[in-house]
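Single-letter residue listing:
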Amino acid sequence: AQTVTQSQPEMSVQEAETVTLSCTYDTSESDYYLFWYKQPPSRQMILVIRQEAYKQQNATENRFSVNFQKAAKSFSLKISDSQLGDAAMYFCAYMGANAGGTSYGKLTFGQGTILTVHP
Amino acid sequence: ETGVTQSPTHLIKTRGQQVTLRCSSQSGHNTVSWYQQALGQGPQFIFQYYREEENGRGNFPPRFSGLQFPNYSSELNVNALELDDSALYLCASSLAGRAGNTIYFGEGSWLTVV
């Protein structure tokens, strides 16, 4: 079974600075997707960024980028120029990409990291 | 706004009762998944429905059941409610065959069991 571990229950950052959230995962599958989701107090789960495992290039979305280390099974999220609106719970998630696999189309989430942004 | 709507948004039930939660999927999405998120935890996969049939199930007992309708909307039913069933229940819709493409979440249904 796949597992996702976020070792940082809480992180804080000053506005305009950079913060990195850590995530490791365990899988025996060769093809998969990794995601970072943001969940503000409204509880709406919002996709921040997505990485396809077969792509070596790290995904980037504006101020958000990832450091994907496939051999180490590590998938960290870097938030640059942090803004007050970035404050939320962040979840790392895994999904299998093989249509015949048991994890296909199903997300496995980590425990989450609460990010606080100080003005 | 994701186009995925869930109802009710909040409800309180008594232990032993039954509850039905509803989800309307994003237009064009034919797959619906349900997740349970306890307070302070990450969501846990309950099950997924595709073409009105269950297509995978997480580690949840049979008293958690579901339905998917021809219009792809879905229901989650929980029988014999227990206190530990208190959680946020999230519905997610997606398009089968394009795993990893955008998955849209609803805003969830808060269930409190007393």
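Residues numbered from 1 in each chain as written. Chains lettered and ligands numbered in written order. Predicted model: local features only at pLDDT ≥ 70, side-chain atom pairs only at ≥ 80, totals over all residues. Heavy atoms only, no water.

**Q** Could you give me a rundown of the overall build of chain A, with the residues and numbers involved?
**A** Within chain A, the secondary structure is distributed over zero helices and 12 strands. Along its sequence from the N terminus, chain A presents helices and strands in the succession β-β-β-β-β-β-β-β-β-β-β-β. Relative to the compact-globule value of 14 Å for 119 residues, chain A shows a C-alpha radius of gyration of 14 Å, a close match. In terms of its C-alpha atoms, chain A occupies a principal-axis envelope of roughly 45 × 30 × 20 Å. Taking all 119 residues of chain A together, the buried fraction comes to 52%. Put simply, of all contacts in chain A between residues at least 6 apart along the chain, 56% involve residues at least 24 apart. Within the structure as shown, chain A displays about 5600 Å² of accessible surface, and the carbon and sulfur contribution to it stands at 47%. Charge separation in chain A, taken as the distance between the mean sites of 9 positive and 10 negative side-chain charges, equals 6 Å. (Helix = DSSP H or I, 4+ residues; strand = E, 2+ residues; numbered from the N terminus. Rg over C-alpha atoms; globule rule 2.2 N^0.38 Å. Buried < 20%, exposed > 50% of the residue type's maximum accessible area, 1.4 Å probe, protein only. Contact = heavy atoms within 4.5 Å. Areas by Shrake-Rupley, 256 points an atom, 1.4 Å probe, with all protein chains shown as cover. Lys, Arg positive; Asp, Glu negative; His and termini not counted. Charge placed at Lys NZ, Arg CZ, Asp CG, Glu CD.)

**Q** Describe in detail the confidence of the model for chain B, supporting the description with residues and values.
**A** When pLDDT is averaged along chain B, the result is 91; 94% of the residues meet or exceed 70. Within chain B, no element has a lower average pLDDT than strand β6 (residues 53-57) of chain B, which sits at 89, and none a higher one than strand β11 (residues 109-113) of chain B, at 98. (pLDDT = per-residue confidence, 0-100.)

**Q** Residues and numbers for the packing of aromatic side chains, please.
**A** Tallied over the entire structure, the rule returns 16 aromatic pairs over all chains. A ring pair is formed by Tyr 37 of chain A and Phe 109 of chain A, whose centres lie 5.9 Å apart and whose planes are at 50°; its orientation type is tilted. Of the two residues, Tyr 37 of chain A is situated in strand β5 (residues 32-39) and Phe 109 of chain A in strand β11 (residues 108-109); the sequence distance between them amounts to 72 residues. Consider the rings of Tyr 37 of chain A and Phe 105 of chain B, whose centres lie 5.5 Å apart with planes at 80°: the pair is edge-to-face. (Phe/Tyr/Trp six-rings, centres within 6.5 Å; stacked < 30°, edge-to-face > 60°.)

**Q** Can you lay out the state of the cysteines for me, pointing to particular residues and giving the numbers?
**A** Per the counting criterion, the structure on display carries two disulfides over all chains. Each sulfur in the disulfide pair Cys 23 of chain A and Cys 92 of chain A lies 2.0 Å from the other. Between Cys 23 of chain A and Cys 92 of chain A, the S-S dihedral sits near -70°, and the bridge is therefore left-handed. One end of the pair, Cys 23 of chain A, is in the loop between β3 (19-21) and β4 (24-26); the other, Cys 92 of chain A, is in strand β10 (residues 88-96), with 69 residues separating them in the sequence. In terms of burial, Cys 23 of chain A and Cys 92 of chain A fall into one category: buried. There is a disulfide in this structure between Cys 23 of chain B and Cys 91 of chain B, and the S-S distance comes to 1.8 Å. With the S-S bond torsion at -65°, the cross-link from Cys 23 of chain B to Cys 91 of chain B turns out left-handed. (Disulfide = S-S within 2.5 Å.)

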